[in-house]
Amino acid sequence: MTSSRTHSVGQLLSWAIFHQVVDLLQATVGTDAIVLTENQAPKRFFLAASPSFSALIQADEIDADYCQLYLTFSPDQILAFLEEINYALPFLLQENQSDHQSEFTLNLIKLFAHSAHPSIQHQVEQERLINQVTTLIRHSLNLPVILETAVHQVREFLEADRVIIYQFNFPAPSCLIDGEVLTADPTVPNLDGITYEARSSDRIPSILNLMNEYSAASLKHLQKRHSDSVTWAANSTKSKSSTVASLLDEPTAISIQAELVTPIMVQEELWGLLIVHQCQHPRQWLEREKILLQRIAEHLAIAIYQSKLYSELQQQKNTLEQQIIDRTQELRDTLIAAESASLAKSEFLSTMSHELRTPLTTILGMAATLIRAFQDTNYILTPQKQIEYLQIIQERGEHLLALINDLLDLSEVEAGKMILECKEVSLSKLAQQSIQLVQGKADAKQVALSLELLPPGERTSRDFRFQADPLRVQQICLNLLSNAIKFTPEKGQVTMRVRVSSTTAILQVEDTGIGIPAEQRSLLFQKFKQLDASYHRKYEGTGLGLALTKQLVELHGGTIEVDSKVGVGSKFTVFLPLPRA
């Protein structure tokens, strides 16, 4: 069992002083505290415990006038004492609240202000130092400030020449700890070094930011030399081979006359060392000074762990905030896309309404005229006029059929239901057939059509053969040619070029049409998209032709490119990869 006096140093006092301290403690805790006491010699104690403030006073009788007094506020020591007397508190014992601790400490200092017992005053001052550190930890999450303040306060209290914090395993090149959780990077070496320092004067050489490959193994070596104690001391120049500075090969080790070292353990892992140096003269370290340094190190470990948890929480908060921002942006993009799709659908329905009504109106009008001519003997149509009307009906019917076929084909491609029936085809023959099928449209607009075969090397037009779906390749050719004829004015030129290289079949349709503005080229291959509104009035179409063409090209594993200049013309180039053997 751990003794409740592990961190307590006995002080020789009169029994009168003992009773005064007990009265002061009883007045501090109030009537709601749990009080345990024993007044029978030779051992006496007084324990007061509450959720906000607890303390234990023990006295060993020396004689009728004097006793050895022990005073502690440590929850661990108080709990150890309660175990010894087999008593359990009904609440969890915590560190004392800073205001209660300060009140008791100040009153205790007043009590001993005129006392001839400097040792008990020292103990009170020590408790006040501990209280200052714990108060700072409670009220601040700024770890550098806590550590910097702690080393200065410890140096002043111990009247030492230098106090340092030696930290293990932090990423280079930073040497100050800011509490941030650093991401492990295998390319960045981890160093050991002195990160905080407090000196009594400039005459004491500074070793701040000293870096060295000191390790936990070195610490174990020092602990072995000092019988595995938690806190150990080197008390003279004869012991300098056992100092931390000597293991660092630091020249200032020669000037260290005495050294006091305690490890800072964070969650059972060695975080660093709290070290006190006496440089100008030898010094014998007292047991109470070792206990003070150890208690300070324990509180600093709490601050370090607290800062680490806060940093992790901040990192999680930042991550969640970024995820919320990203998700909000995704939702905003989805909403914009949905609104754009809705607008495109509305435009498409408007365009489709016009494209369907115009030929249907013409067909119905022509059919009604022909019926009237047959039924009304007074209404006479010449045979030539009847043939003309029937041709108009046929043309408009073919236009509607092509429109419906484009819609069905596009829906099949998007649904993944279109299957290519690939076979060996002649690209030159498909191009020639396509030219023949649109020749009538070109002649009607007085647009010149031409076909250029560009075989590499000694190849001839008979050799323009590759594996593809002939129906879909011809559909690509017809869509590009029809589009070029539609947007090419009278007396214009439309040229189709065909070439097959070792890896690619190339189709190119070039016209001398109106051209496409650069800002509108992104709309070319979008479904249900027309270009400028002025085109709606002059050029018929639904915007499906090029969208379907792009889908068919990509279905073959190819790509399509466009080069255009307003008022000069456009050039569409299709690249279809040749299947490997």
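Not measured: the values here are computed from a predicted model. (Residues numbered from 1 in each chain as written. Predicted model: local features only at pLDDT ≥ 70, side-chain atom pairs only at ≥ 80, totals over all residues. Heavy atoms only, no water.)

Let's shift gears to the pairing of strand 10 (residues 258–266). Of all nine residues making up strand 10, eight are buried, and the element is well covered by its neighbours. Relative to strand 10, strand 9 (residues 232–234) runs antiparallel, the two sharing three bridges. The residue of strand 10 that forms the bridge with A233 is L260. As paired strands, strand 10 and strand 11 (residues 269–278) are joined by nine bridges and run antiparallel to one another. Residue pairing for strand 11: E259 is matched across the bridge by H277. What sits between strand 10 and strand 11 in their antiparallel hairpin is a turn of two residues, with Q267 showing a positive phi close to 55°. (Buried < 20%, exposed > 50% of the residue type's maximum accessible area, 1.4 Å probe, protein only. Helix = DSSP H or I, 4+ residues; strand = E, 2+ residues; numbered from the N terminus. Pairing = 2+ DSSP bridges.)

For helix 5 (residues 143–158), which comprises 16 residues, the first-to-last C-alpha distance of 22 Å matches the rise-based estimate of 22 Å (1.5 Å per residue) to within 8%. Residues of helix 5 that are buried: L143, I146, L147, A150, V151, V154, R155, F157 and L158. The buried side chains of helix 5 occupy one side of the element, clustering within an arc of 165° when seen end-on. Phi turns positive one or two residues past the end of helix 5, at E159, with a value near 55°. (Expected span 1.5 Å × (residues − 1). Arc of directions from axis to C-beta.)

This brings us to the packing of helix 1 (residues 15–29) against helix 3 (residues 98–111). The geometry of helix 1 relative to helix 3 is characterised by a closest axis approach of 10 Å and an angle of 155° between their N-to-C directions. Here helix 1 is positioned roughly antiparallel relative to helix 3, judged by the angle of their axes. Seen along the crossing, helix 1 lies across helix 3 with a hand that is right-handed. On helix 3, the residues that touch Q20, V21, L24, L25 and T28 of helix 1 are H100, F104, N107, L108 and L111. Its residues assigned to classes, the contact of helix 1 with helix 3 shows six nonpolar, four polar and no charged. (Axes fitted to C-alpha atoms, helices over the stretch in contact; angles between N-to-C directions. Parallel < 35°, antiparallel > 145°, perpendicular 65-115°, else oblique. Left-handed = near helix turned anticlockwise from the far one by under 90°. Contact = heavy atoms within 4.5 Å. Nonpolar A, V, L, I, M, F, W, Y, C, P; charged D, E, K, R; others polar.)

Think of it this way: side chains of opposite charge can pair up when their charged atoms draw near. Within the structure shown, the criterion is met by nine salt bridges. Between R199 and D202 there is a salt bridge; the shortest N-O distance is 3.9 Å. One salt bridge connects E321 with K317, and the closest N-O pair in it is separated by 2.8 Å. One end of the pair, E321, and the other, K317, are both in helix 8 (residues 287–375), four residues apart, so they sit about a helical turn from each other. You can call E321 partly exposed: its relative accessible area is 37%. Look at the salt bridges and you will find they share partners, linking E197, R199 and D202 into a network. (Salt bridge = Lys/Arg side-chain N within 4 Å of Asp/Glu carboxyl O.)

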